[in-house]
Amino acid sequence: MAALSKAHVELQSTEEEYDGIDETSKSRNLRGSINPSWYSPQTGIYSSKYPCINLPSDPFLDVVSFIFSRKHNGLHALVDSASGLSVPYSKLSPLVKSMAAGLHYHFGVKQGDVILILLPNSVCFPLIFLGALSLGAVVTPMNPLSNMLEIKKQVLDCNVTLAFAATGKVDELVSALRGCHVVGVPEALGMNSLSSDGSVFHKLISSDPAMAPMPRIAQQDTAAILYSSGTTGRSKGVMLSHGNFIAMIELFVRFEASLYDYPSSENVYLAVVPMFHVYGLSLFVLGLLSLGSTVVTMKRFDADEMVRAIDRYAVTHLHSVPPILVALTKRAKRGGGASFRSLKQVSCGAAPLSKKSITELIEALPHVDFIQGYGMTESTALATRGYNTVGAHKYLSVGVLSPNVEAKVVDWVSGAHLPPGSVGELWLRTPGNMKGYLNNIDATMVALDKDGWLHTGDIVYFDQEGYLYVIDRLKEVIKYKGFQIAPADLEAVLMSHSEVLDAAVTGYRDEEAGEIPVAFVVRREGSYLSETALMSYVAKQVAPYKKVRKVYFSSSIPRSPAGKILRRELRNLLVSRL
């Protein structure tokens, strides 16, 4: 523990550097009472600072019915950023029911069947997802850029019977996935794409909504199987229930909206984060549709197109991951922020964000409220958000615990629970905690203990006001001569160099030291920064045992679609270079 105890002190001190930032960049217009008893020294349990929220008690309530039972004044539900195609709220429920009816009568989809969605963001994604869930079917979304080997593995693992993919990929999938029906979904959406193109997808979406079955679905029934990133181990299917999604909507999306004075139905969200990831799925496919907000979908991320979409649709909220936030900052600096006047809030999650990136964003867009959040696929994205009710925002923190969420910080060697200010592994107990890993009882038992605690594998600490700081992944800790080094610590130092654009650190086996820290670095264009100069720069700012022992310059850092560093790929690159 000694090796990491200094990390939280260093991070905590950096918060003081934000005191001079203009008040307009701090969180505002927030409401809600605070629970002062947020930590128990006796049990080691950290509780939410907010009062508990009553969740629906009906055991037979599906998430689709829950979404459409919420009253709001929303006008446009889904908008395609490229074509302007809009699905109004008045047609959203009928289209979902039409999809459900079409799935049942054209393909025989029934309760418990598994459907694969292999699509980029689009207005069609939520219609398929919600239509399937309303039948009691289970959806497993996947990155559309996945290779055929990965697709086959997931299809076999989940026993998929029907898949949705871009029209150009249908023939290849039909040939590879014997016995699995594949429906093509148009990528270039025109004004008639949802009503009259004569395709199989058209037949589904234009089915008689009155013919949609109404099965008895329990909150505990599995709704989706999402695969964890696999950055620290084999990718596993995370089973999430209807109740998990209902809790996420109520305690994450709807609760956050309740803290602000402006109506949710007036908010416009740009869906850049992928819908196949738990972050985008929770927001754009489920939660925001219960609020009446408008979701503008982008098929794939393009920084310049993002700027145009923000301006064209008067986007008020942008949820991002670190690479997207960096791209936003770069465009804002270039244009003086003139194209982002509609933006009220920028959020970031899914991967650690450097202090440098935060500072540059705040300086470029001082009128925008910036927050971070923390969640996992295994917790249905439910854990913390950067709510602020006490003054200046703690930008480096991922926020406080959401309502109904409990946490522990545990010494991963002794198992002892730790008080505020101490670094340890985060355990979570939330209504969003998964049912378990598909076909993997052993992994489930390791992740979820008998008392319902999810062992996250993340190294964290809570400060004295209940704000959570994520340091690194437990399994990614580098052990140098018995000392434990968090790669994120060194990455933060590397990123502080003016000529470094991106950086990642991993460990490499060493006979004498056990492991040594090795850095992969992307230099800024035109830079001639040397390995020696950069290692010297880092050495001056860290303890001797933390020094970077080797630097490799690269054109990019391998990251997941959510922006997480793929350290397993880094280690593979390292082996190939040594």
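You'll find the structure just up there.
Here the structure is a predicted model, which is why all the values come from computation and not from measurement.

## Looking at the overall build of the protein
Secondary structure summary: the protein contains 16 helices and 26 strands in total. When burial is assessed residue by residue, the protein has 60% of its 578 residues classed as buried. Counting only contacts in the protein whose residues sit at least 6 apart along the sequence, the fraction spanning at least 24 positions is 70%. Carbon and sulfur atoms provide 53% of the accessible area of the protein, an area that totals close to 23400 Å².

## Side note on the environment of serine 357
Residue position: serine 357 is located in helix α12 (residues 355-364). Each C-alpha atom of the pair serine 357 and valine 326 lies 6.5 Å from the other, and the pair is 31 residues apart in sequence. Not counting residues within four places of it along the chain, the set of residues in contact with serine 357 comprises Leu325 and Val326.

## Some remarks on helix α8 (residues 242-258)
Along an α-helix, residues three or four apart share an orientation, since each turn contains 3.6 residues. Along its 17 residues, α8 runs 22 Å from first to last C-alpha, staying within 8% of the 24 Å computed at 1.5 Å per residue. Where α8 bends most, at isoleucine 249, the angle is about 30°. In terms of burial, α8 is a largely internal element, 16 of the 17 residues being buried. Two or three places before glycine 243, at the opening of α8, serine 241 has a side-chain oxygen 3.3 Å from that residue's backbone nitrogen.

## Looking at the sheet that holds strand β17 (residues 406-410)
Read across the sheet, five strands follow the order β1-β17-β18-β20-β21 without closing on themselves; strand pairing throughout is antiparallel. The open sheet has two edge strands, β1 (46-47) and β21 (468-473), and neither has a second partner.

## Quick word on the packing of α8 against helix α9 (residues 278-286)
One can describe the packing of α8 onto α9 by two numbers: an axis separation of 11 Å at closest approach and a directional angle of 85°. Classified by the interaxial angle, the pair formed by α8 and α9 is roughly perpendicular. Taken together, the residues of α9 that come into contact with α8 (itself represented by Phe245, Met248, Ile249, Phe252 and Val253) are Leu281, Ser282, Leu283 and Leu286. Taken together, the residues of the contact of α8 with α9 sort by class into eight nonpolar, one polar and no charged.

## Re the packing of aromatic side chains
With the rule as written, the count across this model stands at eight aromatic pairs. Ring plane angle 40° and centroid distance 4.5 Å describe the contact between tyrosine 39 and tyrosine 46, whose orientation is recorded as tilted. A connected cluster of aromatic rings, assembled from ring pairs, spans Trp38, Tyr39, Tyr46 and Phe462. The side chain of arginine 216 reaches across the aromatic face of phenylalanine 60, ending 3.7 Å from its centre. Above the ring of tyrosine 437, the side-chain terminus of lysine 236 is found at 5.1 Å from the ring centroid.

## A word on the environment of proline 186
Within the secondary structure layout, proline 186 lies in the loop between β7 (181-185) and α7 (200-205). Judged by relative accessible area, which is 16%, proline 186 ranks as buried. Sequence-wise, proline 186 and serine 199 are 13 residues apart; in three dimensions their C-alpha atoms are separated by 9.2 Å.

## Describing the pattern of salt bridges
Following the criterion strictly, the structure yields 13 salt bridges and no others. Residue lysine 333 is joined to glutamate 360 by a salt bridge in which the shortest nitrogen-to-oxygen separation is 3.7 Å. Linking lysine 333 in helix α11 (residues 322-335) with glutamate 360 in helix α12, this pair joins segments that are 27 residues apart in sequence. Residues joined in a network through salt bridges with shared partners are Lys394, Asp463 and Glu465.

## Thoughts on the sheet that holds strand β2 (residues 76-80)
Pairing is mixed in the open sheet, where nine strands are placed in the order β3-β2-β11-β10-β12-β13-β14-β15-β16. Looking along the sheet, the strands with just one partner apiece sit at the ends: β3 (86-88) and β16 (400-401). Of the pairings in the sheet, the one linking strand β13 (residues 345-348) to strand β14 (residues 369-374) comprises four bridges and is parallel in character. Bridge pairing in β14 places valine 346 opposite phenylalanine 370. Its contacts with the sheet place α9 against β2, β10 (268-271), β11 (294-297), β12 (317-320), β13 and β15 (384-385), and it is angled at close to 160° to β12.

## Focus on the nonpolar core
The nonpolar side chains of soluble globular proteins are, as a tendency, buried together. One finds Leu103, Phe129, Phe164, Leu270 and Leu286 to be the most contacted residues of the largest nonpolar core, which totals 141 residues. When residues of this core are assigned to their parent elements, the largest contribution, ten residues, is made by α8. Excluding its chain neighbours within four sequence positions, the residues that come into contact with leucine 270 are Phe284, Val296, Met298, Met306, Ala309, Ile310, Val315, His317 and Leu318. With 31 residues, the next largest nonpolar core counts Ala503, Val522, Leu529 and Leu570 among its residues.

## Quick notes on the side chain of serine 320
Tracing the chain through its elements places serine 320 in strand β12. Non-local contacts of serine 320, meaning those with residues more than four positions away in its chain, are made with Val273, Tyr279, Leu325, Val346, Ser347, Cys348 and Gly349.

## Comments concerning the pairing of β14
Counting buried positions along β14 gives six out of six residues, so the element sits mostly inside the fold. With burial as the criterion, each face of β14 is covered, one bearing Asp369, Ile371 and Gly373 and the other bearing Phe370, Gln372 and Tyr374. Where the polypeptide runs from β13 across α12 and back to β14, its parallel neighbour, the crossover connection is right-handed.

## Topic: the environment of alanine 163
With respect to the secondary-structure elements, alanine 163 resides in strand β6 (residues 160-166). On the basis of relative accessibility, which here comes to 1%, the residue alanine 163 falls in the buried class. The spatial distance from the C-alpha of alanine 163 to the C-alpha of histidine 181 is 6.2 Å, given a sequence separation of 18 residues. Ignoring anything within four residues of it in the chain, the contact list for alanine 163 reads Leu116, Cys180, His181, Val182 and Val183.

## Observations concerning unusual backbone geometry
Even without being a glycine, threonine 380 presents a positive backbone phi close to 55°. Its location among the elements puts threonine 380 in the loop between β14 and β15. Looking at threonine 380, the relative accessible area reads 0%, which means it is buried. The phi dihedral of asparagine 404 is positive, around 70°, even though this residue is not glycine.

## Quick word on helix α10 (residues 303-312)
Here α10 has its buried residues at Ala303, Met306, Val307, Ala309 and Ile310. Projected down its long axis, α10 shows its buried positions confined to an angular sector of 165°, all on one face. When the buried face of α10 is taken as reference, the exposed residues oriented beyond 90 degrees from it are Asp311 and Arg312. The inward-facing, buried residues of α10 abut β10, β12 and α11.

Definitions and cut-offs
Residues numbered from 1 in each chain as written. Predicted model: local features only at pLDDT ≥ 70, side-chain atom pairs only at ≥ 80, totals over all residues. Heavy atoms only, no water. Helix = DSSP H or I, 4+ residues; strand = E, 2+ residues; numbered from the N terminus. Buried < 20%, exposed > 50% of the residue type's maximum accessible area, 1.4 Å probe, protein only. Contact = heavy atoms within 4.5 Å. Areas by Shrake-Rupley, 256 points an atom, 1.4 Å probe, with all protein chains shown as cover. Expected span 1.5 Å × (residues − 1). Bend = angle between axes of the 7 residues up to and from the residue. Polar contact = N/O pair within 3.5 Å; in protein donor to acceptor, adjacent residues only side chain to side chain. Pairing = 2+ DSSP bridges. Axes fitted to C-alpha atoms, helices over the stretch in contact; angles between N-to-C directions. Parallel < 35°, antiparallel > 145°, perpendicular 65-115°, else oblique. Nonpolar A, V, L, I, M, F, W, Y, C, P; charged D, E, K, R; others polar. Phe/Tyr/Trp six-rings, centres within 6.5 Å; stacked < 30°, edge-to-face > 60°. Lys NZ or Arg CZ within 6 Å of the ring centre and 35° of its normal. Salt bridge = Lys/Arg side-chain N within 4 Å of Asp/Glu carboxyl O. Core = buried A, V, L, I, M, F, W, Y, C linked by side-chain atoms within 4.5 Å. Right-handed = clockwise from strand over helix to strand, strands pointing away. Arc of directions from axis to C-beta.

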